[in-house]
Amino acid sequence: MYQYDKYDQKIVDERVEQFRDQTRRYLAGELSEDEFRPLRLMNGLYIQTHAPMLRVDIPYGLLSSRQLRMLAHISRKYDKCYGHISTRQNIQYNWPKLETVPDILADLASVQMHAIQSSGNCIRNITSDQFAGVAEDEVEDPRPYCEILRQWSTFHPEFAYLPRKFKFAVSGATHDRAAVQVHDIGLYLVRNEAGEVGFKVLVGGGLGRTPVIGKVIREFLEKKHMLSYMEAILRVYNRFGRRDNIYKARIKILVNATGIEKFAEMVEAEWSYIKDSALLLDQKEIDRVRAQFAPPEYDKDAAADSTFDDHLASNQAFAAWVDRNVKTHKVSGYRAVVVSLKAPTIAPGDVTDVQMDRLADLIDEYSFSEIVTTHDQNFIMPHVKQADLFPLWESLVEQDLATPNIGLLTDIICCPGLDFCSLANAGSIPIAKQINEKFNDMDYLHDIGDIKIKMSGCMNACGHHHVGHIGILGVDKKGVEFYQLTLGGSAENDVSLGDRLGRGIEKEKVADTIGQLLDVYVEQREEQESFLETYRRIGIEPFKERVYPKKNLEEKVVASANY
Amino acid sequence: MQIIKDKKIVDDNWQRFVEITADEILPTGDIIVPFAYWLDNKKVLLQRDSRLGVCIDGDDETEEVAKDIEHFDLIALDFPAFTDGRAYSHACLLRERYHFQGELRAVGDVLRDQLFYMQRCGIDSFQLREDKDMEDALNAFTEISVKYQSAADGAEPVYKYR
Ligand code: SF4
């Protein structure tokens, strides 16, 4: 993985001291609340319901065991012994004291980490495919480009105060696991007809209040122009994006208002001036960064092992875990393991200090000391030998990290919601709990199969509800929590935004309502169809009728009375 | 009045007019007028024998300003709020695309913690908001010494030194 050199280290060290001084000036009354807010946000520090919340960047989700141990240490020393993995592959601490944040940043800097631009109206942490580097369907490893973008965007002077936040995702695979199409800028590594690898560039996607699917602005961009083209897009946005209304300030609104053709013209015009400037990316730098993502030294004989098959045949629980939580790897004899942070009794995405320490030991032993956070709030151990799967599984079971539910109903994406977030309209964690309590029969979950439930506690959509097969959005109706359901969303290649099912559901009935939706699916599915496939075939009506039967009856009565 | 220029606190004699009424008589000496006023009063302004500056805000098109750029000794960029980042792009464009050699001055809601960014975008003088301490603000220029990306300050991306 990427190792800081003296320049990278210096910038995070200097940032720690800069923020220490900003915090001091704030506490001394030299900076007003309004003046300090953007500064602390640009360092991932929110003021939340109970305490500040600190969001730490995990660039493209990748962590070493040393970094993971530090994250555990921070949670113990400054917080309540746990952290929360966010949908942007970052980690959040819910209880640090403001005065201690500079010390936390210093601890992070000691392991080449930071919280720079993890919030604020600037370019945020760049996310990617959690299987980057090990996926079989990869054109090229996207992480070197994420790292180059990370460096380019860090303290970019022109784009420090954009109209609104700005999110990048980069994928190098044919299967989009990084929700590229719902980002402000999405990049796919693709091969053109000449056989060269470059980028397909999308712009203006995003969730939030107005969900929009990104549009292709350029089919093929040469790698050497990556930075200049990004700079052209950002400059057009910085100049012309709306600043009068924060709900209309994202780039998607600008792209929709101008139209993608016109917007593309503006970008190309801007780009024509800067494409051969100092922004031209040196191949030497690409090579330098790529070399740091070279694959580890895999064991050539890994596939020769037979113990794995023996365990599979003799241990059902192990086999069930392998079936759901173990994924293919481009190297024969290796697998990528998903560590489930979705055990029934914990808030989705939470991980304790003890678990983090143990995971750090396990990746030292089994995964070349690397682990990856995922946007669906789990971890991946990217390089596990098949012979090691069984002992690894046993260790994960001990830590309650082996729930065999990846991709199933209880592998819920869930934002912090009302329990922690000051913007929330409704709780998300209690709903996740309710769902886990109702659907606690593993056989039933396996029968239902692949389904993505995504939940946000307000319109900001941190839980990506629009792109859940079932989306759940918390709303507040006169002080009471209600939940609006959407069906049929997807963030993958077949991207779509969910359709609204109908009026909000009472809090107590959310899990029961999901049960009704699943009943419809089970009754109507054909052969191996997934929930999403059935939904796309039969449409929303059968689901509506099941959930709101009385109202439909009344509507029919009213309708017939009109005749 | 004192301002920060080239990273030092200096005395300054430019007089800036935010609004100018039709019958107002402008004093002698170096003046900064709104860009819109320049557009309407070019002739008169060109006859003065003092230095001339214009002030632009986020809504002004840099392309328009660039057409008359040879007449300006100073261009002031107004930050109506320190969180309004449009002037950063204006500054970059004026320096890099239109090769403006005169003084680029930040005015308005200009605070210490943005000076680093402003300076990197080619702004070389700063009229700090009145209630702020200028001595203290000078620290802003030395806090971060590594520049990952090229910008209008002429810095090369740090990777060139690697
Ligand atoms: S979706 Fe709303 S409630 Fe949930 S974390 Fe985001 S802002 Fe908070």
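Residues numbered from 1 in each chain as written. Chains lettered and ligands numbered in written order. Predicted model: local features only at pLDDT ≥ 70, side-chain atom pairs only at ≥ 80, totals over all residues. Heavy atoms only, no water.

1. Let's talk about the pairing of strand 12 (residues 334-339) of chain A
Each regular strand shows side chains that alternate between the opposite faces of the sheet. Residue and element names in this part refer to chain A. Worth spelling out the cut-off: Exposure classes here rest on a 1.4 Å probe applied to the protein chains alone. A residue is buried below 20% of its type maximum, exposed above 50%, and partly exposed in between. Every helix listed is a DSSP run of H or I at least four residues long, and every strand listed is a run of E at least two residues long, numbered separately from the N terminus. Each pair of strands is called paired provided DSSP finds at least two bridges between the two strands.
Counting buried residues in strand 12 gives five out of six residues, a clear majority hidden from the surface. Here strand 11 (residues 326-327) runs beside strand 12; their pairing, made up of two bridges, is antiparallel. The partner of V326 across the bridge, within strand 12, is V337. Between strand 11 and strand 12, which follow one another and run antiparallel, lie six residues, and G333 among them has a positive phi close to 90°.

2. A short note on the interface of chain B and chain A
Cut-off, in case you're wondering: We call two residues contacting when some pair of their heavy atoms lies within 4.5 Å. Two parts placed together each lose some accessible area under a 1.4 Å probe, and the buried area is that loss summed for both. Throughout this description, the term salt bridge denotes a Lys or Arg side-chain nitrogen within 4 Å of a carboxyl oxygen of Asp or Glu. A 3.5 Å cut-off defines polar contacts: any pair of N or O atoms within that distance qualifies, except that in protein one atom must be a possible hydrogen donor and the other a possible acceptor, and neighbouring residues in sequence count only when both atoms are side-chain atoms. Residue classes follow a fixed rule: Ala, Val, Leu, Ile, Met, Phe, Trp, Tyr, Cys and Pro count as nonpolar, while Asp, Glu, Lys and Arg count as charged, and any other residue, Gly among them, counts as polar.
At the junction of the two partners, chain B supplies 39 residues and chain A supplies 46 residues. Together chain B and chain A conceal approximately 3,700 Å² of surface at their shared face, both sides included; 52% is due to carbon and sulfur atoms. Counting the surface chain B buries against chain A, the share from its top three residues, B:Y117, B:Y148 and B:R162, is 20%. A salt bridge links B:R162 to A:E285, with the shortest nitrogen-to-oxygen separation between them at 3.5 Å. The interface formed by chain B and chain A includes 25 residue pairs in polar contact (both at pLDDT 80 or more). Elements with a minimum of two residues in the side of chain B that touches chain A: helix 3 (62-67), helix 4 (86-97) and helix 5 (112-120) of chain B. It is helix 4 of chain B that contributes the most residues to the side of chain B that touches chain A, eight residues altogether. Tallied by class, the residues present in the side of chain B that touches chain A amount to 15 nonpolar, nine polar and 15 charged.

3. Some words on helix 2 (residues 33-41) of chain A
Residues A:E35, A:F36, A:P38, A:L39, A:R40 and A:L41 constitute the buried set of helix 2 of chain A. Those residues of helix 2 of chain A that are buried are in contact with helix 1 (6-27) and strand 1 (45-47) of chain A together with helix 5 of chain B.

4. Some details on the domain arrangement of chain A
All names here are of chain A. For clarity, the cut-off: Domain boundaries shown here were taken from an automatic or database domain assignment.
Its domain assignment divides chain A into domain 1 (6-109), domain 2 (134-291), domain 3 (302-398) and domain 4 (413-562). Here the C-alpha centre of domain 2 lies 27 Å away from the C-alpha centre of domain 1. Taken together, the ten residues of domain 1 in the interface contact eleven residues of domain 2. Summed over both sides, the interface of domain 1 with domain 2 buries roughly 910 Å², with 63% coming from carbon and sulfur.

5. A short note on the pairing of strand 1 (residues 2-5) of chain B
All names here are of chain B. Here four bridges tie strand 1 to strand 2 (residues 8-11), and the two strands are oriented antiparallel to one another. By the bridge assignment for strand 2, K5 is matched with K8. Here strand 1 hands over to strand 2 after two residues, with D6 in that stretch at a positive phi of 45°. One ladder, built from two bridges, connects strand 1 with strand 8 (residues 125-126); its direction is antiparallel. In the sheet register, K5 faces strand 8, and the bridge partner there is S125.

6. Some words on the sheet that holds strand 7 (residues 168-171) of chain A
Residue and element names in this part refer to chain A. To be explicit about the condition: Axes, fitted as lines to C-alpha atoms, cover a helix only where it is in contact. Angles between the N-to-C directions of the axes lie from 0 to 180 degrees.
Ordered by their spatial adjacency, five strands build an open sheet running 6-7-8-9-10, and the pairing between neighbours is mixed. In this open sheet, the two edge strands, each paired with only one partner strand, are strand 6 (127-128) and strand 10 (215-222). Here strand 9 (residues 197-203) runs beside strand 10; their pairing, made up of five bridges, is antiparallel. When the sheet's bridge partners are listed, L202 is paired in strand 10 with V216. Lying over the sheet, helix 6 (residues 226-240) contacts strand 7, strand 8 (185-191), strand 9 and strand 10, oriented at roughly 150° with respect to strand 10. Packing against the sheet, helix 8 (residues 260-274) makes contact with strand 9 and strand 10, and its axis sits at approximately 30° to strand 10.

7. Description of the packing of helix 10 (residues 307-314) of chain A against helix 11 (residues 316-325) of chain A
Residue and element names in this part refer to chain A. What counts is decided by this rule: When an angle is under 35 degrees it counts as roughly parallel; over 145 it counts as roughly antiparallel; between 65 and 115 it counts as roughly perpendicular; any other value is oblique.
Where helix 10 meets helix 11, the closest approach of the two axes is 6 Å, and the angle between their N-to-C directions is 110°. By the angle between their directions, the pair helix 10 and helix 11 is classed as roughly perpendicular. Within the contact between the two elements, helix 10 uses F308, H311, L312 and S314 and helix 11 uses Q316, F318, A319 and V322. Along the lines of polarity and charge, the residues of the contact of helix 10 with helix 11 split into five nonpolar, three polar and no charged.

8. Examining the packing of helix 3 (residues 65-78) of chain A against helix 12 (residues 353-366) of chain A
Residue and element names in this part refer to chain A. Two elements in contact, helix 3 and helix 12, have axes whose closest approach is 8 Å; the angle formed by their N-to-C orientations is 170°. As the angle between them shows, helix 3 and helix 12 are arranged roughly antiparallel. Mapping the contact onto sequence places S65, L68, R69, L71, A72, S75 and R76 in helix 3 and D353, M356, D357, L359, A360, D361, I363 and D364 in helix 12.

9. Let's talk about the pattern of salt bridges
Residue and element names in this part refer to chain A. Within the structure shown, the criterion is met by 66 salt bridges over all chains. Residues E268 and R218 are paired through a salt bridge, measuring 2.8 Å at the closest nitrogen-oxygen approach. Within this pair, whereas E268 is found in helix 8, its partner R218 is found in strand 10, the two being separated by 50 residues in sequence. Given a relative accessible area of 23%, R218 falls into the partly exposed group. Linking D447 and R525 is a salt bridge whose minimum nitrogen-to-oxygen distance equals 3.0 Å. On the criterion of sequence distance, the pair formed by D447 in helix 15 (residues 442-448) and R525 in the loop between helix 16 (510-524) and helix 17 (531-538) is long-range, its members being 78 residues apart. For R525, a relative accessible area of 22% puts it in the partly exposed group.

10. Quick look at the packing of aromatic side chains
Just so we agree on the cut-off: Side-chain rings of Phe, Tyr and Trp, where Trp is taken by its six-membered ring, are said to pair if the distance between their centres is within 6.5 Å; with planes under 30 degrees apart they count as stacked, over 60 as edge-to-face, and otherwise as tilted. For a Lys NZ or an Arg CZ to count as sitting over a ring, it must be within 6 Å of the ring centre and within 35 degrees of the ring normal.
This model, assessed by the stated rule, comprises 28 aromatic pairs over all chains. Here the aromatic rings of A:F390 and A:W393 are separated by 5.6 Å at their centres, their planes lie at 40°, and the arrangement is tilted. One end of the pair is A:F390 and the other is A:W393, both in helix 13 (residues 389-398) and three residues apart, which spans about a single turn. Linked through ring pairs, A:Y161, B:F79, B:F82, B:Y88, B:F116 and B:Y117 together constitute an aromatic cluster. Taking NZ or CZ as reference, A:R209 lies 3.8 Å from the ring centre of A:Y247, over its face. Sitting above the plane of the A:W271 ring, A:K275 keeps its charged end 4.4 Å from the centroid.

11. A few points about helix 4 (residues 101-109) of chain A
Helical geometry note: an α-helix holds 3.6 residues per turn, so side chains three or four residues apart project in the same direction. Residue and element names in this part refer to chain A. Along helix 4, seven of the nine residues are buried, which leaves the element largely enclosed by surrounding structure. Taken residue by residue, helix 4 has V101, P102, I104, L105, D107, L108 and A109 as its buried positions. Those residues of helix 4 that are buried lie in contact with helix 1, strand 1, strand 2 (52-56) and helix 3.

12. Notes on the sheet that holds strand 6 (residues 74-79) of chain B
Residue and element names in this part refer to chain B. The eight strands are arranged 2-1-8-7-6-5-4-3 in an open sheet whose pairing can be described as mixed. Unpaired on one side and paired on the other, strand 2 and strand 3 (15-16) mark the two borders of the sheet. Bridge count for strand 3 against strand 4 (residues 31-34) is two bridges, and the pairing is parallel. The partner of Q15 across the bridge, within strand 4, is I31. In the packing of helix 4 onto the sheet, the strands contacted are strand 5 (52-56), strand 6 and strand 7 (103-108), and the crossing angle to strand 6 comes to about 165°.

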